[in-house]
Amino acid sequence: MKIKILCILFLLTSISIFSQSELYVLTKFPVNNTPSSKYGNNDCRIGDYGYSYTLSHPKGKYSITNNNANLIVDYGEGYNDDPYDNCSGPCGQFQEACIGKEVNRVLNFFDTELITYTGPDPIVCGAESCLPLSYKAVLLPKIIAPLDRRCEEQDIFPQHSDGKNHNVSGLVWEYRNKSNLWESLPKFKDRYPLNVSLLDVFGANWRNNFSGNLQLRFRFTAPFTNDKIYSVSRYTIQLTECSPKLVNNPPVTEKTTCSYSEDGTFTLTVNRNLVATEKLIATLYYEYTPNNYNIAPNGQEETLVLMPNSNGTYSYRWKGNLPPGNYKLKYQTLKGGGQIPHTDPSWASVTESNIFTVLPAEKVNFKAKKLNDENCFTSGDGKIKLEIISGETTKYKYIIYQVNGASVTLYRNWTEFTGPMVIIEGLEKKKYRIKVQDSKDCFAR
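Just so it is clear, the model here is predicted, and its values are computed rather than measured.

> Outline the overall build of the protein, listing residues and values.
Summing up its helical and strand segments, the protein has one helix and 31 strands in all. Across the 445 residues of the protein, 40% fall into the buried class. Once local pairs closer than 6 in sequence are excluded, the contacts in the protein between residues at least 24 apart make up 68%. Carbon and sulfur atoms make up 48% of the accessible area of the protein, which amounts to about 23,900 Å² in all.

Rendered as structure tokens:
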């Protein structure tokens, strides 16, 4: 059978890129309609009253090339006295309040800065707390859509390398539904990224929620405004169905029959049966040097039928004979691959087993010891003690040959015994050779 190279076995799963980040900022300024004293009465000092803001990152979204962002919010408040009026201060001079930066910090991944202004709106000049501004910012590590196809049991985005699940307040994921409209995901608000599966998000009927591949984006919101900012990227998650899931990982192996034979095997057990037209295709790899694997000789098998087990699982026993060694297995199913001609064939996800070892059977080994020679008064009463040192079975048999120089002739044919020891009696004064075989027909060598 020709080996069919599975075209998606070696596609790499993307990971979060922590050398880049994205900053999301929302702001709200209270209305400033304070009139100048030249144009009407107000509660301010005589003269022009003013406010100023210096923001390192105004409202918007920013792609940043490193893993932190320096955030600065600087607010200023001041006025000019009118030297021609009865001012009570240093007339004709600019007076400034609120000196210094209100926010000056470095944001790292998942850090949030939140300022909520609670004063009057419109502003009452001179009555502020030196920060009449609402401001929310969060720094997120940049993520990219996985390069490989994800099945319904796999995380939509791979887990971050820090191994944590992060909640980002105000973040809501959206997807394109079957009507091609953006709709909020039913669960997992504030989660970044979506290191959950399609089954977690949509349930077993996930295919009913959208058409084709899954398209995602997120929006960032703040409690003080109806404004929203959408993610820098829109993510397209390429999808496939899941192949049956491994129940025993690594697979259960069987030793070679004899220590010197190459007929080991293993059994693959999965959580479900194959459906109509679905074919399981498996590729076996062997370790030819430490930690280096190649496709094994005759290393691909396929089947349309799995063997049912009493516990509701299904199994496939590898048919080819295997020498002792380390192996790993990759498999996937092909829907539509069970019919000829193929109808709309589609590859399911690739599953890879843990490394497993096919062991050689324990070597049959024994020792023979003369208990006594033939008695000169009684012919044929010599004895040999035969003791099994190692082996796989409890049942054995021995055969005895008489050795006369270069000539070897049968002295006593196969005789069965139960290990680990037997006394061979009735031997004449001769030179003997003994062979031992276990119940699997493996010889001692």
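> Lay out the sheet that holds strand 21 (residues 314-317) in plain terms, naming residues and giving numbers.
In space, the four strands of this open sheet follow the order 16-17-21-20, with antiparallel pairing throughout. The strands lining the two open edges of the sheet, one partner per strand, are strand 16 (252-254) and strand 20 (307-308). For strand 16 and strand 17 (residues 265-270), the ladder comprises three bridges, and the chain directions are antiparallel. Along strand 17, the bridge assignment pairs V252 with T267.

> I'd like a rundown of the nonpolar core, residues and numbers included.
Grouped together as the largest cluster of nonpolar side chains are 52 residues, with contacts concentrated most on W173, L214 and L216. Within the second largest apolar cluster, 18 residues are counted, among which are L246, L268, Y316 and Y331.

> Got a sec to walk through the side chain of T256? Specific residues and values, please.
Within the secondary structure layout, T256 lies in the loop between strand 16 and strand 17. Judged by relative accessible area, which is 1%, T256 ranks as buried. Polar contacts involving the side chain of T256 include one to the main-chain amide nitrogen of A361, which spans 3.1 Å.

> Account for the environment of N226, naming residues and giving values.
Within the fold, N226 resides in strand 14 (residues 225-230). Separated by 198 residues in sequence, N226 and K28 have C-alpha atoms that sit 9.7 Å apart.

> An account of the pattern of salt bridges is needed here, citing residue identities and associated values.
For the structure on display, the rule yields 15 salt bridges. Here E174 ties to R219 by a salt bridge, and the two come within 2.3 Å at their closest N and O atoms. On the criterion of sequence distance, the pair formed by E174 in strand 10 (residues 171-176) and R219 in strand 13 (residues 214-222) is long-range, its members being 45 residues apart. With a relative accessible area of 6%, E174 lands in the buried category. Through salt bridges that share partners, R105, D111 and E113 make up one connected network.

> Which residues make up the sheet that holds strand 28 (residues 395-404), and what are the values?
The three strands lie next to each other as 29-28-31, forming an open sheet whose pairing is antiparallel. Two strands bound the open sheet, and with one partner strand each, they are strand 29 (407-418) and strand 31 (432-438). The mean angle between the axes of side-by-side strands here comes to 20°, regardless of whether they run parallel or antiparallel. Both strand 28 and strand 29 contribute to a ladder of nine bridges, which runs antiparallel. Directly across from Y401, in strand 29, lies its bridge partner L410.

> Talk me through unusual backbone geometry; I want residue IDs and the actual numbers.
Residues apart from glycine generally show negative phi values, whereas peptide bonds are mostly found in trans. Geometrically, the link from D121 to P122 is a cis peptide bond, its omega value of 10° lying close to zero. For P122, the position within the fold is in the loop between strand 7 (112-115) and strand 8 (134-142). Residues G419 and P420 are joined by a peptide bond in cis, for which omega reads 10°. Position of P420 relative to the elements: it lies in the loop between strand 29 and strand 30 (421-427).

Calculation criteria
- Residues numbered from 1 in each chain as written.
- Predicted model: local features only at pLDDT ≥ 70, side-chain atom pairs only at ≥ 80, totals over all residues.
- Heavy atoms only, no water.
- Helix = DSSP H or I, 4+ residues; strand = E, 2+ residues; numbered from the N terminus.
- Buried < 20%, exposed > 50% of the residue type's maximum accessible area, 1.4 Å probe, protein only.
- Contact = heavy atoms within 4.5 Å.
- Areas by Shrake-Rupley, 256 points an atom, 1.4 Å probe, with all protein chains shown as cover.
- Pairing = 2+ DSSP bridges.
- Core = buried A, V, L, I, M, F, W, Y, C linked by side-chain atoms within 4.5 Å.
- Polar contact = N/O pair within 3.5 Å; in protein donor to acceptor, adjacent residues only side chain to side chain.
- Salt bridge = Lys/Arg side-chain N within 4 Å of Asp/Glu carboxyl O.
- Axes fitted to C-alpha atoms, helices over the stretch in contact; angles between N-to-C directions.

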